[in-house]
Amino acid sequence: MFTPTLIFRKKLLKTLRKDMLNAIPSPVPGDHGAHKSSDSDPSPATLREERVRVSSPFMRSAAKKEVVLGIDPGLATTGWGVIEKAPGHLSLRAYGAIFSAAGTTLSDRLIRIRRELSAIIESHKPSLMAIEELYFAKFAVSIASTAQARGVILLTAAEMGLTIVEYNPRAVKMAMTGFGSANKIQMQSMLQRHFRMKELPRPDDAADALAIALCHVQTNHLLKVSTSRKSRALFESEMAARAGL
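Notes on the structure in this doc start here. In this text the structure is predicted, and so the values were computed from the model without any measurement.

**Some points on the side chain of S100**
In step 1: In this fold, S100 is placed in the loop between β3 (89-99) and α4 (106-124).
In step 2: From its side chain, S100 meets the backbone oxygen of L75 in a polar contact 2.4 Å long.

Below is the structure:
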C-alpha cells in the first residue's frame, strides 16, 4: 500500500529524470556522437596531464633531487663534500679540502677560503649546507682560528642562498656508526663502504665533511643550535663533567 508521501517522491524522481534527459543535447547527424573540442574544452590528454599535475604534488616533491654540501671548518684545512639524494638513490659527487698556507696573512687565508668555497657552490649548486658545530673542548687557539674560518663560511653560504644546518660531532658519529666515540678510521671505513669507494676518503677533513653531509641526508633533521646563556652553560657544564673537572 503506497502512502501519499511515497507517491509524491516517485513523481518527483520521474520529473527530475525527465528534466536531466532533456538537458542532454542530441548528437548532430554525421558526427557519430563525437564531442568536438574547442579552445575552452581541453582534450583528454590535457585533462590527464592536469590531473597528474594537480593531484600528485607529493610525488613531484619526492622525485626532486637534493644536493647537500658538507663542511668541516678550519683555518688551515676546510674539508668539503657534496652528495646528491634522489628517490631510491644516493650518490657521491665530489669531495676535497681547501688549504691555506700558514705563512700568509689571516685576511688572505680567509679570502682564499671564501673564494674557493664560492667556486664549489657555483659548480655543484647545493641547496643546503651542513656544517660541524664549534666544539668548545678544543684548545682556545684552535677555537679562535676555526671560528674565524667558520664565520666566513657561514657568510658565504648565506649570501649564496643556501639553507644552513649544524651538527654536533658526536651526533654525526652516532648517525654513521652508532657509536658516539668512533675514531677516524671507523668513520672513513663506513664512508668507503657506503659509497663503494676503492680506498678510504682523504684527507681526514674531507672525510669528516662527507660524514656531516651524509648524516643530514640520513636523519633529514633541520637542527637549530640554541645560543641562549642557559644552553651554553649546560653544554659547558656537560663538557666539564666529561673532563672530570
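**Some details on the sheet that holds β3**
In step 1: One open sheet accounts for five strands, arranged β3-β2-β1-β4-β5; its pairing is mixed. Both edges of this open sheet fall to β3 and β5 (163-167), since each of them pairs with a single strand only. Averaged over all pairs of adjacent strands, the angle between strand axes in this sheet comes to 20°, irrespective of strand direction.
In step 2: One ladder, built from 10 bridges, connects strand β2 (residues 77-86) with β3; its direction is antiparallel. Looking across to β3, one finds that W80 is bridged to G96.

**Considerations on the packing of helix α6 (residues 169-177) against helix α7 (residues 184-195)**
In step 1: α7 packs onto α6 with a crossing angle of 50° between their chain directions and a minimal axis gap of 10 Å. Judged by the inter-axis angle, α6 sits oblique to α7. α6 and α7 meet at a crossing whose hand is left-handed. Along the contact surface, α6 presents V172, K173, M176 and T177, while α7 presents Q186, M187, M190 and L191.

Parameters at a glance
- Residues numbered from 1 in each chain as written.
- Predicted model: local features only at pLDDT ≥ 70, side-chain atom pairs only at ≥ 80, totals over all residues.
- Heavy atoms only, no water.
- Helix = DSSP H or I, 4+ residues; strand = E, 2+ residues; numbered from the N terminus.
- Polar contact = N/O pair within 3.5 Å; in protein donor to acceptor, adjacent residues only side chain to side chain.
- Pairing = 2+ DSSP bridges.
- Axes fitted to C-alpha atoms, helices over the stretch in contact; angles between N-to-C directions.
- Parallel < 35°, antiparallel > 145°, perpendicular 65-115°, else oblique.
- Left-handed = near helix turned anticlockwise from the far one by under 90°.
- Contact = heavy atoms within 4.5 Å.

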